[in-house]
Every structure is written in C-alpha cells, then in structure tokens.
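# Descriptive structure summary
Take a look at the letters that make up each chain.
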Amino acid sequence: MASQHQDHTVGHADGQHHEGMTKGKIWRIFFYLLALTALEFFIALVLVHGGVVEKGLAVNAVYIALTLLKAYYIIAYFMHLKFETFGFIMSVAISFVLIIYFIALMLTEGGYLNTHYNPFPHWANPQ
Amino acid sequence: MSTTVTELDKVKTGRWHGGKSPFNVEYGKIMMWFFLASDAFTFSAFLIYYGAQRFAHMTWPDPDKLFQSIPFVADYGYPLVFVGIMTFILIMSSVTMVLAVEAGHRNAKKEVVGWMIATIIGGLMFIGCQALEWTHLHHAGFWWGSIPSQEGVSPEVTLAPYFSKDISEVSALQFANLFFTITGFHGFHVSVGILLNIIILCMTLANTFERRGSYLMVEKVGLYWHFVDLVWVFVFTFFYLV
C-alpha cells in the first residue's frame, strides 16, 4: 500500500533531521545547563548562606526563572522540539496553559488556608 | 472554454492540504510526546500540591537542614552538595543520550552502543544516590507517615534540627509524605528508563536497527530519558532550593 509506505518514510524525508544537533552543539547546551545549575548553587550556598540575600520571594523567583530556562534548553535542544513543525510544538505545548491555571488556583487556595484555617500547633524555634 | 483555473479548483500545496504528513514526525514519536505531556501533568499535579501545602502551613522544614549529608564522607554540615552531584550525574546521562541519538542519525552502531552504555551507567548511579539519600532520611526517622520522634520527648525538641523558623509536626509529616512520594515516583520513572535503555542497547547489539535502517527507537527512548531529567530539574528546585 502506497500510503503505508509513505508513513514509514516519514521522519526520514526532508526536513526532520537536517537541522539536527551536532556534537559541538550538544556540548554547548550541556555547558549552558551546567552553568545555570552552578549559578543556582552559587545563589544557594554563597549568597543565601553568606547572608547577602535572604530566602524569600525574590530569591525563589530567580530560582524558578533559572529552572524554566534549564527546562527550555532540555526540551528545545535535547528533546529536539525546537526543530519540529510549529503545529506539532503547539499541539504539545498548549495544554500546559491548564497547568499555569492550576498553579494559580492551588496556590491561592493554599494561601487562603494559611490565613483562615490553621489549627495545627507549632512551636517557636529555640535558636 | 476558458483555461483559467478558478480559485476553488487550484491545487493547494500547504502543509495541511493533503499528500504529505503535516507534522512530519513518525507516529510512535508523536505518541511518545503525548504520553510525556500526560506524564508531565501527573508530575505537575504532585509538585503543585507540594506548593499548595507549603503555602497553607505557617512553617515548613528547611531543606538546607534536612539534606546535609554526603554518604561515606560526612554526616552533617554540607547542604546541597550531594544533591548537586546527583543533578550533575543526571544532566551528564542526558548528554550521553543525545550523543547516542546523534550517532544513530549517522547509523554508527558502535558509537550508539558506547553512549547507551554510558547513559545506563549514569542512570544506575543516580538511582544509587537516590537510595543513599532515602536511607539517610529513613535513619533519621522520616518515612511515609512518620517523622523523628522519641518516647516522652516533645516533637518541639525532636524536630528542632530540621526547622529554621517555627516548628510544626504536621508540616514535617506532610514534607516526609510528599518527599518520598514525589522522589519515589521520579525514581520509578528513572528505573523504567534504565530498563528501556537496556532493551534498546540489546536491540542495537542484535542489529535490529541496522536491519531496519533507522535508529528512531533510540530517539523515542531518548525523549523519555530527557523527560526524566527534566522532571528532576523541577524536583531539585522545589525540594532542595526553594
């Protein structure tokens, strides 16, 4: 069957791999990931432990930004998604709008419980 | 009769007008992507629940105080170092996986075998580190549904080493449950990934892909392996850094 035969050649036809990852590029992405992780450790061990900045919303925002950047490099280059067609990228990515909504919902809910309903006992830290 | 073609009768050549595969991705690979998207939803739900719990409690255990040991080297005093090593191992094994995929594109069987073996070793090392981490916390008294406790001693005292701010039994318990559930679910994924990698290695050695003329299977399993690495990036941030 002609159409079946075509299906088998999908992916080898022009387009899919011509922009693939060369060895040099793979190592470059690796060093980006390594540098981002090192930066996270620098913030955690040197800045936060050294008392330069305090743990809190600002530091967490930086951590999350760095995490998302790492996620981008892994998905786009290691998982090769950047080189797929726009339609395919959208069909995978769009559903994550729901996750963003879920985060907003759950954290709002958690924050509400914190201020309105917190019957759990807790003790002041002696140190 | 006019020879001009009306707008409606023109042959359309767009991506979606038939005759070619619009995504230009092989079926199995699309399905792997959709499976990973659904799996990402599961992990997201876990991590979002963790975040919601943290938001809901007045106080929470301090990861810097919980994770201070380097197995066989030091029991105390080195926050984040061991998890740093684990993160490095997993990123490294992700790189060897892409290198295996890259070798597959060139149909270089020997290189695929070499990089797949490196990836499997990386995965096993990670799982080993995870086991040490679990053992350490378990010895300290943490487990599903249990936190460090002593007969006749107030939780205020037994839990003090793990908190920087106020001390709470419920927070510690929630932390223990979620830590073991989420890292356990991730570790389960790593184990499955190692198994898949071993199967792919055996198929490569048996010349299955050589005969098939394509190493696409390496790519599909590679996607799964990178996903496992991706999840760890998030687990690392939310359990160890934030």
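Because the structure is predicted, anything quoted here is derived from the model rather than measured.

Here we take up the overall build of chain A. Tallying secondary structure elements over chain A gives five helices and zero strands in all. The linear arrangement of helices and strands in chain A, starting from the amino end, is α-α-α-α-α. Across the 127 residues of chain A, 15% fall into the buried class.

When helices and strands are counted, chain B shows eight helices and zero strands. When the elements of chain B are put in sequence order from the N terminus, they spell out α-α-α-α-α-α-α-α. Scaling as 2.2 N^0.38, a compact globule of 242 residues should have a C-alpha radius of gyration of about 18 Å, whereas chain B reaches 24 Å, well beyond that. The C-alpha extent of chain B, read off along each of the three principal axes, is 100 × 45 × 25 Å. Here chain B, with 242 residues, has 39% of them falling under the buried criterion.

Attention now goes to the interface of chain A and chain B. At the junction of the two partners, chain A supplies 53 residues and chain B supplies 51 residues. Where the side of chain A that touches chain B is concerned, the elements lending two or more residues are helix H2 (23–48), helix H3 (57–78), helix H4 (86–93) and helix H5 (96–116) of chain A. Across the side of chain A that touches chain B, the residue classes tally to 29 nonpolar, 18 polar and six charged.

What follows concerns H3(A). With 22 residues, H3(A) extends 30 Å between its outermost C-alpha atoms, agreeing within 8% with the 32 Å of an ideal straight helix rising 1.5 Å per residue. Looking at H3(A), one finds that the buried residues are A:Tyr63, A:Thr67, A:Lys70, A:Ile74, A:Ile75, A:Tyr77 and A:Phe78. Its buried side turned inward, H3(A) meets H2 of chain A together with helix H3 (81–105) and helix H8 (216–241) of chain B. In the stretch just after H3(A), A:His80 is the one whose phi turns positive, near 70°.

Below, the discussion takes up the domain arrangement of chain A. Where interface size is given, it is often the accessible area lost as the parts come together that is meant. You can read the domains of chain A as domain 1 (22–83) and domain 2 (87–115). Placing a centre on the C-alpha atoms of domain 1 of chain A and another on those of domain 2 of chain A gives a separation of 22 Å.

On to the environment of B:Phe35, then. Residues and elements named next belong to chain B. Structurally, the position occupied by Phe35 is in helix H1 (residues 27–56). Owing to 13 C-beta atoms within 10 Å, Phe35 belongs among the partly exposed residues under this scheme. Sequence-wise, Phe35 and Arg211 are 176 residues apart; in three dimensions their C-alpha atoms are separated by 27 Å.

On to the nonpolar core. Among the nonpolar cores identified, the biggest contains 71 residues, and B:Val98 and B:Ala100 are the most heavily contacted of them. Of all the secondary structure elements, the ones that give two or more residues to this core are H2 and H3 of chain A together with H1, H3, helix H4 (109–140), helix H6 (169–205) and H8 of chain B. With 16 residues, H8(B) is the single largest residue contributor to this core. When sequence neighbours within four positions are dropped, the list of residues in contact with B:Ala100 reads B:Val112, B:Trp115, B:Met116, B:Thr119, B:Val218 and B:Gly222.

Basis of the calculations
- Here the residue index of a chain counts from 1 through its sequence in written order.
- Lettering for chains starts from A, numbering for ligands starts from 1, and both go in the order in which the items are written.
- With pLDDT at 70 or above as the cut-off, local features in this predicted model cover only qualifying residues; side-chain atom pairs require 80 or more to be listed or tallied, and sums for whole chains, interfaces and linings still use all residues.
- Numbering of helices and strands runs from the N terminus; a helix is a DSSP stretch of H or I covering at least four residues, while a strand is a stretch of E covering at least two.
- Three classes are used. A residue is buried when 20 or more other C-beta atoms lie within 10 Å of its own, exposed when 12 or fewer do, and partly exposed in between, with C-beta atoms placed from the backbone.
- Each radius of gyration is computed over the set of C-alpha atoms, and the globule rule expresses the reference value as 2.2 Å times the number of residues to the power 0.38.
- By the criterion used throughout, residues are in contact when their C-beta atoms, derived from the backbone, lie within 7 Å.
- When residues are grouped by polarity, Ala, Val, Leu, Ile, Met, Phe, Trp, Tyr, Cys and Pro land in nonpolar, Asp, Glu, Lys and Arg in charged, and all others, Gly among them, in polar.
- The span expected for a helix works out to 1.5 Å for each residue beyond the first.
- In this document the domain limits rely on a domain assignment from an automatic tool or a database.
- Each nonpolar core reported here comprises buried Ala, Val, Leu, Ile, Met, Phe, Trp, Tyr and Cys residues connected via C-beta atoms within 7 Å.

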